[in-house]
Amino acid sequence: ILNVEQSPQSLHVQEGDSTNFTCSFPSSNFYALHWYRWETAKSPEALFVMTLNGDEKKKGRISATLNTKEGYSYLYIKGSQPEDSATYLCAPDPGTYKYIFGTGTRLKVLA
Amino acid sequence: DTGVSQDPRHKITKRGQNVTFRCDPISEHNRLYWYRQTLGQGPEFLTYFQNEAQLEKSRLLSDRFSAERPKGSFSTLEIQRTEQGDSAMYLCASSPRTSGRADLGEQFFGPGTRLTVL
């Protein structure tokens, strides 16, 4: 059973600030890691899927890195905007298609 | 809209009643998943279909829960004799079957059905 931890659980930042979150997971049985953004009353939206140690992905102001040897991934948001307010979920996939989600990081960007 | 849809979006019921939720996946996706999210937790896997076959069920899915995907398209999740502990967000997701080794199984989620059991 995977134990997935995300930190912090929640945070508030000012518009324009940059921020980052952590997803920690057991490094054994790793196949892929997924990041999702979940805005209130909407569907969770896929941000990144990462597979290789050292992977870096970028989508606009959001980027992510992956370290499979030590079992962590970082998500960075540069110049946060109010529309970035959401819960950010990571989900390691051990190759079974049965995602094991972390508890998420709830981000609130204050205008 | 060609995304995953779920109906209803909200359901309030009294303890002991039965409820049924529906999920319509993306049309060309043959895999379908149900997850449940309770307050303060991340979504937890409940069950998985490939076409009409239910291939895996979580221990979380007690005998009061049943899921079907009769024609390999939409799916229903029924909860019988609801309990207050069943109050949660029920998420459905679908994914395509890709060929080759690079099958990353990326899942596309619906907006969820929020169940409140009084």
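Residues numbered from 1 in each chain as written. Chains lettered and ligands numbered in written order. Predicted model: local features only at pLDDT ≥ 70, side-chain atom pairs only at ≥ 80, totals over all residues. Heavy atoms only, no water.

Caption draft 1: Expanded view of the interface of chain A and chain B. Taken together, the contact between chain A and chain B spans 20 residues of the former and 24 residues of the latter. Across the interface of chain A and chain B, roughly 1800 Å² is buried in total on both sides, 58% from carbon and sulfur atoms. The partner of B:Glu56 in a salt bridge is A:Lys98, and the shortest N-O contact between them spans 2.8 Å. One can count seven residue pairs in polar contact (both at pLDDT 80 or more) joining chain A with chain B. Contributing elements (two or more residues each) for the side of chain A that touches chain B: β4 (32-38), β5 (45-50) and β9 (86-93) of chain A. Split into classes, the residues belonging to the side of chain A that touches chain B amount to 12 nonpolar, five polar and three charged. (Contact = heavy atoms within 4.5 Å. Buried area = accessible area lost by both parts, 1.4 Å probe. Salt bridge = Lys/Arg side-chain N within 4 Å of Asp/Glu carboxyl O. Polar contact = N/O pair within 3.5 Å; in protein donor to acceptor, adjacent residues only side chain to side chain. Helix = DSSP H or I, 4+ residues; strand = E, 2+ residues; numbered from the N terminus. Nonpolar A, V, L, I, M, F, W, Y, C, P; charged D, E, K, R; others polar.)

Caption draft 2: Region of interest: the pairing of strand β7 (residues 62-67) of chain A. All names here are of chain A. Pairing of strand β6 (residues 56-59) with β7, which is carried by four bridges, proceeds in the antiparallel orientation. Along β7, the bridge assignment pairs Glu56 with Thr65. Taken together, β6 and the strand that follows it, β7, pair antiparallel across an intervening segment of two residues, in which Gly60 is found at a positive phi of about 65°. Two elements, β7 and strand β8 (residues 72-77), share six bridges in a ladder whose sense is antiparallel. Residue pairing for β8: Leu66 is matched across the bridge by Ser73. (Pairing = 2+ DSSP bridges.)

Caption draft 3: Looking closely at the packing of aromatic side chains. Applying the stated criterion across every chain yields a total of 13 aromatic pairs over all chains. Seen in terms of ring centroids, A:Phe101 and B:Phe109 are 5.9 Å apart; in terms of plane orientation they differ by 70°. Their pairing is edge-to-face. Taken as a pair, A:Phe101 in the loop between β9 and β10 (105-110) and B:Phe109 in strand β10 (residues 108-109) lie in two separate chains rather than in one. Taken as a pair, A:Phe101 and B:Phe109 share a single burial class, namely buried. Centre to centre, the rings of B:Tyr33 and B:Tyr48 are 5.1 Å apart; their planes meet at 10°, and the pair counts as stacked. In this pair, B:Tyr33 is assigned in strand β4 (residues 31-37) and B:Tyr48 in strand β5 (residues 44-50), connecting sequence segments 15 residues apart. (Phe/Tyr/Trp six-rings, centres within 6.5 Å; stacked < 30°, edge-to-face > 60°. Buried < 20%, exposed > 50% of the residue type's maximum accessible area, 1.4 Å probe, protein only.)

Caption draft 4: Structural detail: the pattern of salt bridges. Residues and elements named next belong to chain A. A complete count under the given rule lists eight salt bridges over all chains for this structure. Here Arg37 and Glu45 are joined by a salt bridge, their closest N and O atoms 3.1 Å apart. In this structure Arg37 comes out as buried when scored by relative accessible area, which is 15%. The partly exposed category is assigned to Glu45, whose relative accessible area is 31%. A salt bridge links Asp84 to Arg61, with the shortest nitrogen-to-oxygen separation between them at 2.8 Å. One end of the pair, Asp84, is in the loop between β8 and β9; the other, Arg61, is in the loop between β6 and β7, with 23 residues separating them in the sequence. Here the salt bridges do not stand alone but share partners, grouping Arg37, Glu45 and Lys59 into one network.

Caption draft 5: Up close: the side chain of B:Gln6. Residues and elements named next belong to chain B. Residue placement: Gln6 occurs in strand β1 (residues 5-7). Among the polar contacts made by the side chain of Gln6, one reaches the main-chain amide nitrogen of Cys92 at a distance of 3.0 Å. There is a polar contact of 2.9 Å between the side chain of Gln6 and the backbone nitrogen of Gly112. Residues within four places of Gln6 in sequence aside, it is in contact with Arg22, Cys23, Trp34, Tyr90, Leu91, Cys92, Gly110, Pro111, Gly112 and Thr113.

Caption draft 6: The sheet that holds strand β7 (residues 65-68) of chain B, seen in detail. Residue and element names in this part refer to chain B. Across the sheet, four strands lie side by side as β1-β3-β8-β7; this open sheet has antiparallel pairing. Only two strands of the sheet have a single partner each, and these edge strands are β1 and β7. Direction aside, the axes of adjacent strands within the sheet are offset by 15° on average. Two elements, β7 and strand β8 (residues 75-79), share four bridges in a ladder whose sense is antiparallel. (Axes fitted to C-alpha atoms, helices over the stretch in contact; angles between N-to-C directions.)

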